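The chain contents come next:
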Amino acid sequence: MMNSMGALLAIVVTLLGVAIDGYHCKVVQFIFGDSLSDVGNNNYLSMSLAKANLPWYGIDFGTGLPNGRFSNGRTVADIIGDQMGLPRPPAFLDQSLTEDVILDNGVNYASGGAGILNETGGLFIQRLSLYKQIELFQGTQELIKARIGEAEAEKFFQNSRYVVALGSNDFINNYLMPIYSDSWTYTQQGFITYIMETLQAQLTVRGQEAHGVWARPYGLHPPSKGPNKLPNASFQFGDAYDVVNDVIINPYKYGFNNSDSPCCSFGKIRPALTCIPASTLCKDRSKYVFWDEYHPSDKANELIANELIRKLGFVSDNNTNAPSPAPAIAPSSVG
């Protein structure tokens, strides 16, 4: 089984939000995470070694050119947002980002290689850790307060949706690599406790009602304590572990014919890590669970997103004008 299995299973996804009666601002998303949600932040980090800025990334999205997403198409957050009728938030480091863009679309702070722990992903040189992403969000709050006033800004942020989707790098690019001290400092359960305590501390930066989605990493179950102790806080857990594990073990059951090799590969070299211009693409991208060695394909992301939507009972809005959905059956040509 390829290393990608761990990357897909070790995901913590949390959706936060609360609707305020009597206030009808546009609902937007603020997304925090790693390469599974990155929409281009790392492209603006000059020394980062984790970038999706080469062909054939993005081949089934919009113009077909690389856009910062570590996939051939959409992310899970893209798809869930589309189904809920929410706009797709741009990357925080996008040079076109302004206060008005934030008010209309929200912001995506996700960064490839990021983890819950600050030390995670250090081998990528540059990445925005969760701590840094939250710090940037706090700066965003100040910008919006200056733009529309403190009272209206408070309503805007309370009415927004918050997505935190990361955790895989804390295992793959930290605990499971002996070059990091965490790998010999903690037992597996001790490390899980460490990252959960860190996540809890960071998520309590904003005390608001929370609706959570949980995809358990390595058998980890939703915490019985944590953000729920906040006033007016509650978590709703939707566990996507079972369907993710099942699609890897039984790909044909879900319409895939391959779950143990990437669609974009560099000959027989394994792991190739990233998709590059010299890579060879599979004949039908909709039949592969993994796009590259570590990231799901658009079709797999769609399956995961729909499972989370189903388990949490989110209301789907199929009339949204969300941009650039990937084709149901991806073309075989790479041109």
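Located above this text is the structure these notes cover.
Keep in mind the model is a prediction, meaning the values are calculated, not measured.

(A) Region of interest: the overall build of the protein. Across its full length, the protein carries ten helices and seven strands. For the protein, buried positions account for 54% of its 335 residues. When contacts within the protein are restricted to residue pairs at least 6 apart in sequence, long-range pairs at least 24 apart make up 72% of them. Carbon and sulfur atoms make up 54% of the accessible area of the protein, which amounts to about 14,500 Å² in all.

(B) Looking closely at the pairing of strand β2 (residues 29–33). By the criterion of burial, β2 is predominantly enclosed, with five of the five residues buried. The side-chain alternation of β2 yields two buried faces, one formed by Gln 29, Ile 31 and Gly 33 and the other by Phe 30 and Phe 32. In this structure, β2 lies alongside strand β3 (residues 106–108), joined through three bridges in parallel fashion. Bridging from a neighbouring strand, Ile 31 pairs with Asn 108 of β3. Here β2 runs beside strand β4 (residues 161–166); their pairing, made up of five bridges, is parallel. Residue pairing across strands places Phe 30 opposite Tyr 162, the latter belonging to β4.

(C) How the structure looks around the pattern of salt bridges. A complete count under the given rule lists 13 salt bridges for this structure. A salt bridge links Glu 302 to Arg 74; the nearest nitrogen and oxygen atoms lie 3.1 Å apart. Of this pair, Glu 302 sits in helix α10 (residues 298–312) while Arg 74 sits in the loop between β2 and α2 (76–83), and the two are 228 residues apart along the sequence. Taking the relative accessible area as the measure of exposure, Arg 74 reaches 6% and is therefore buried. The salt bridge involving Lys 145 is made with Glu 142; its shortest N-O contact spans 3.6 Å. With Lys 145 and Glu 142 both in helix α4 (residues 130–148), this residue pair falls three residues apart, about one helical turn.

(D) Molecular detail of the state of the cysteines. This model, assessed by the stated rule, comprises two disulfides. Note on cysteine connectivity: Cys 264 is disulfide-linked to Cys 275, with sulfurs 1.8 Å apart. Here Cys 264 and Cys 275 share a disulfide; its torsion about the S-S bond, 70°, makes the bridge right-handed. Of the two residues, Cys 264 is situated in strand β6 (residues 264–265) and Cys 275 in the loop between β6 and β7 (280–281); the sequence distance between them amounts to eleven residues. Take Cys 264 and Cys 275: they sit in the same class, and that class is buried. When the cysteines of the protein that form disulfides are numbered from the N-terminus onward, they connect as 1-4, 2-3.

(E) Up close: the packing of aromatic side chains. By the definition in use, this model includes 18 aromatic pairs. Aromatic pair Phe 32 and Phe 137: ring centres 5.7 Å apart, planes at 80°, arrangement edge-to-face. Linking Phe 32 in strand β2 with Phe 137 in helix α4, this pair joins segments that are 105 residues apart in sequence. For the residue pair Phe 32 and Phe 137, the accessibility class agrees, reading buried in each case. Ring plane angle 90° and centroid distance 5.6 Å describe the contact between Phe 137 and Phe 157, whose orientation is recorded as edge-to-face. Taken together, the positions of Phe 137 in helix α4 and Phe 157 in helix α5 (residues 150–159) put the pair 20 residues apart, joining distant regions of the chain. Like Phe 137, the residue Phe 157 is buried in the burial classification. Site record: aromatic cluster; members linked through ring pairs are Phe 30, Phe 32, Phe 92, Tyr 109, Phe 137, Phe 156, Phe 157 and Tyr 162.

Basis of the calculations
Residues numbered from 1 in each chain as written. Predicted model: local features only at pLDDT ≥ 70, side-chain atom pairs only at ≥ 80, totals over all residues. Heavy atoms only, no water. Helix = DSSP H or I, 4+ residues; strand = E, 2+ residues; numbered from the N terminus. Buried < 20%, exposed > 50% of the residue type's maximum accessible area, 1.4 Å probe, protein only. Contact = heavy atoms within 4.5 Å. Areas by Shrake-Rupley, 256 points an atom, 1.4 Å probe, with all protein chains shown as cover. Pairing = 2+ DSSP bridges. Salt bridge = Lys/Arg side-chain N within 4 Å of Asp/Glu carboxyl O. Disulfide = S-S within 2.5 Å. Phe/Tyr/Trp six-rings, centres within 6.5 Å; stacked < 30°, edge-to-face > 60°.

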